[in-house]
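Next come the chains, spelled out residue by residue.
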Amino acid sequence: MVWKILLIILVILILLLVGMYFLGKRMQKKQAEQQAMIDAAKQSVSMLIIDKKKMKLNEAGLPAAVLEQAPKYMRRAKLPIVKAKIGPQIMSLICDAEIFESVPVKKEVKATVSGIYITDVKGIRGPLATTSTKKKNKFKAWVSKMQEKAGAKPIK
């Protein structure tokens, strides 16, 4: 009796894993096609970054056509949005999540844009300032706090 239940559970798990495998392959193909389309339409643009925030799609001030084409689950998700001045007009653009932290605010940059999607950012006047936002563990934070109070140089 117990063996039959375990066998049924094992068969269900195997079917679930096989289904996830084929679903993953299909999603990988879709992503590769989308990346090819983004690469085909990309162009380099000089822009002044005004502001950057993570906000919902309908709050971002994007065109109505973008909101209509977006799936319903994406309308509720928060996306990295960048407000930038490109030439004489101010636009809201969607930024790639991987480069969102490296986008400088109130600086002029040379960005690779595909439609309303920013894929890469480079500084016009020298390299972009990379800030290390690595979080200290509690002990190191406590030690540096005590050193500040004592007037000593903090350890790195």
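Anything mentioned here points back to the structure above.
Residues numbered from 1 in each chain as written. Predicted model: local features only at pLDDT ≥ 70, side-chain atom pairs only at ≥ 80, totals over all residues. Heavy atoms only, no water.

Comments concerning the layout of surface pockets
Size it by volume and the largest pocket reaches roughly 980 Å³. Taken together, 23 residues make up the lining of the largest pocket; nearest its centre are Gln34, Ile38, Met74, Ile94 and Tyr117. The element that contributes the greatest number of residues to the lining of the largest pocket is helix α1 (residues 2–41), accounting for 8 residues. A breakdown of the residues in the lining of the largest pocket according to their chemical character gives 14 nonpolar, 6 polar and 3 charged. (1 Å grid on protein atoms, 1.4 Å probe; cavity = no way out; pocket = protein on both sides within 12 Å on 5 of 7 lines; lining within 4 Å. Points joined across faces, edges and corners; volume = space filled by probe spheres on them. Helix = DSSP H or I, 4+ residues; strand = E, 2+ residues; numbered from the N terminus. Nonpolar A, V, L, I, M, F, W, Y, C, P; charged D, E, K, R; others polar.)

Here we look at the sheet that holds strand β3 (residues 89–95)
Backbone hydrogen bonds hold the strands of a sheet together, and the pairing may be parallel or antiparallel. Read once around its circumference, the closed barrel built from 5 strands follows the order β1-β2-β3-β5-β4, with strand pairing classed as mixed. Between one strand axis and the next, the sheet turns through 50° on average, direction left out of account. Of the strand pairs in this sheet, strand β4 (residues 108–114) and strand β5 (residues 117–123) are connected by 6 bridges, and their pairing is antiparallel. The partner of Val113 across the bridge, within β5, is Ile118. In the packing of α1 onto the sheet, the strands contacted are β1 (43–56), β4 and β5, and the crossing angle to β4 comes to about 125°. (Pairing = 2+ DSSP bridges. Axes fitted to C-alpha atoms, helices over the stretch in contact; angles between N-to-C directions. Contact = heavy atoms within 4.5 Å.)

Things to note about the environment of Arg76
Residue placement: Arg76 occurs in helix α3 (residues 72–76). Taking the C-alpha atoms as reference, Arg76 lies 21 Å from Glu101; in sequence the two are 25 residues apart.

Structural notes on the packing of aromatic side chains
Counted under the stated rule, the structure contains 2 aromatic pairs. Seen from their ring centres, Tyr21 and Phe22 are 5.2 Å apart, and the 75° between their planes marks the pair as edge-to-face. Pairing Phe139 with Trp142 gives two aromatic rings, centres 6.2 Å apart and planes at 35°, and the pair type is tilted. Of this pair, Phe139 and Trp142 both sit in helix α4 (residues 138–150), 3 residues apart, roughly one helical turn. Judged by its relative accessible area of 58%, Phe139 falls in the exposed class. In this arrangement the basic side chain of Lys52 is found over the ring face of Phe100, its NZ or CZ atom lying 5.0 Å from the centre. (Phe/Tyr/Trp six-rings, centres within 6.5 Å; stacked < 30°, edge-to-face > 60°. Buried < 20%, exposed > 50% of the residue type's maximum accessible area, 1.4 Å probe, protein only. Lys NZ or Arg CZ within 6 Å of the ring centre and 35° of its normal.)

Quick word on the pairing of β3
Pairing of strand β2 (residues 78–86) with β3, which is carried by 6 bridges, proceeds in the antiparallel orientation. Across the sheet, the residue bridging to Ala84 is Met91, located in β3. Between β2 and β3, which pair antiparallel one after the other, the connecting turn spans 2 residues, and Gly87 there sits at a positive phi close to 65°. Examined bridge by bridge, β3 and β5 share 2 bridges and lie parallel to one another. Bridged to Cys95 within β5 is Ile118.

Brief notes about α4
For α4, spanning 13 residues, the distance from its first C-alpha to its last is 18 Å, which sits close to the expected 18 Å at 1.5 Å a residue. Within the sequence span of α4, burial applies to Val143, Ser144 and Gln147. For α4, the arc enclosing every buried residue in end-on projection is 95°, short of the 170-degree limit, so these residues lie on one face. Turned more than 90 degrees off the buried face of α4, the exposed positions are Lys138, Glu148 and Lys149. (Expected span 1.5 Å × (residues − 1). Arc of directions from axis to C-beta.)

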